[in-house]
Amino acid sequence: MVRHLRTEANAGRMLPFVIEYQGRLVGQLTVAGITWGSMCSGHVGYWVDESVAGRGVMPTSVAMVVDHCFRTVGLHRIEVCIRPENGPSRRVVEKLGFREEGLRPRYLHIDGAWRDHLVFALTAEEVPEGLLSRWRRTRSRHSPTPQNAPGNAGGNHREPRN
Ligand SMILES: CC(C)(COP(=O)(O)OP(=O)(O)OC[C@H]1O[C@@H](n2cnc3c(N)ncnc32)[C@H](O)[C@@H]1OP(=O)(O)O)[C@@H](O)C(=O)NCCC(=O)NCCS
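The structure reproduced in this document is the subject of the present report. (Residues numbered from 1 in each chain as written. Predicted model: local features only at pLDDT ≥ 70, side-chain atom pairs only at ≥ 80, totals over all residues. Heavy atoms only, no water.)

Here we look at the nonpolar core
- The biggest cluster of nonpolar side chains holds 32 residues, and the ones touching the most others in it are Leu 29, Val 31, Tyr 46, Val 62, Ile 78 and Phe 98.
- Broken down by secondary-structure element, the contributors of at least two residues to this core are strand 1 (15–21), strand 2 (24–35), strand 3 (41–48), helix 2 (57–73), strand 4 (77–82), helix 3 (87–96), strand 6 (113–123) and helix 4 (131–142).
- Element by element, the count of residues in this core is highest for helix 2, at 8 residues.
- Excluding anything up to four places from it in sequence, Val 62 contacts Leu 29, Tyr 46, Val 92, Leu 96 and Phe 98. (Core = buried A, V, L, I, M, F, W, Y, C linked by side-chain atoms within 4.5 Å. Buried < 20%, exposed > 50% of the residue type's maximum accessible area, 1.4 Å probe, protein only. Helix = DSSP H or I, 4+ residues; strand = E, 2+ residues; numbered from the N terminus. Contact = heavy atoms within 4.5 Å.)

Set out below in structure tokens:
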């Protein structure tokens, strides 16, 4: 697995990342299928450990990687393909403001069958201010604080849940 990632990365077709949260490796995010020429595009795949799910780790990670791809690597388009029934993953791209482009019927062979996927994408022009700063701004607008959280008279000991 690691050898495959390294080979693809060395060939310039993939950018594999690991995600650390509070000093622990909790997930992976990979930009794969990188194509140059007139396309300059790649698609993103990801997972996080259940123990940290729901804390905004993945939207933050995706935002950082998209900015890196657009600003440093020089890609123009990032795509995420998601099975329609994968609610948590759809929330990640919805919260980040990815554009929904439509359905690819029977797009990938997963768990023994050809599965439909919804396509979400962003191009560099859509996030001139950077995706991380946009995500931070929208996130802080929607996160409860100790002062305005419903039913919270004082301390808010949970991580904000976007
Ligand atoms: C999809 C995934 C990466 C989301 O990562 P994350 O860091 O939990 O993302 P968020 O914190 O933004 O949570 C996204 C949604 O997950 C759901 N969620 C919240 N808490 C959760 C928990 N404890 N366990 C599972 N899902 C939870 C909520 O619907 C949340 O949306 P909300 O913020 O509107 O409430 C993660 O659920 C995962 O690894 N899933 C399995 C692998 C996968 O589906 N990969 C994507 C393939 S396209």
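Details of the layout of surface pockets
- Approximately 780 Å³ is the volume attributed to the largest pocket.
- As for the largest pocket, its lining consists of 32 residues, of which Tyr 46, Asn 86, Pro 88, Ser 89 and Val 92 are closest to the centre.
- Mapped onto the lining of the largest pocket, the elements with two or more residues apiece are strand 3, helix 2, strand 4, helix 3 and strand 5 (99–110).
- When residues of the lining of the largest pocket are assigned to their parent elements, the largest contribution, 6 residues, is made by strand 3.
- Of the residues assigned to the lining of the largest pocket, the class counts are 17 nonpolar, 8 polar and 7 charged.
- The space that makes up the second largest pocket amounts to roughly 200 Å³.
- If you trace the second largest pocket, you find it lined by Phe 17, Val 18, Ile 19, Glu 20, Tyr 21, Leu 29, Gly 56, Val 57, Thr 60, Ser 61, Met 64 and Val 65.
- Across the lining of the second largest pocket, the residue classes tally to 8 nonpolar, 3 polar and 1 charged. (1 Å grid on protein atoms, 1.4 Å probe; cavity = no way out; pocket = protein on both sides within 12 Å on 5 of 7 lines; lining within 4 Å. Points joined across faces, edges and corners; volume = space filled by probe spheres on them. Nonpolar A, V, L, I, M, F, W, Y, C, P; charged D, E, K, R; others polar.)

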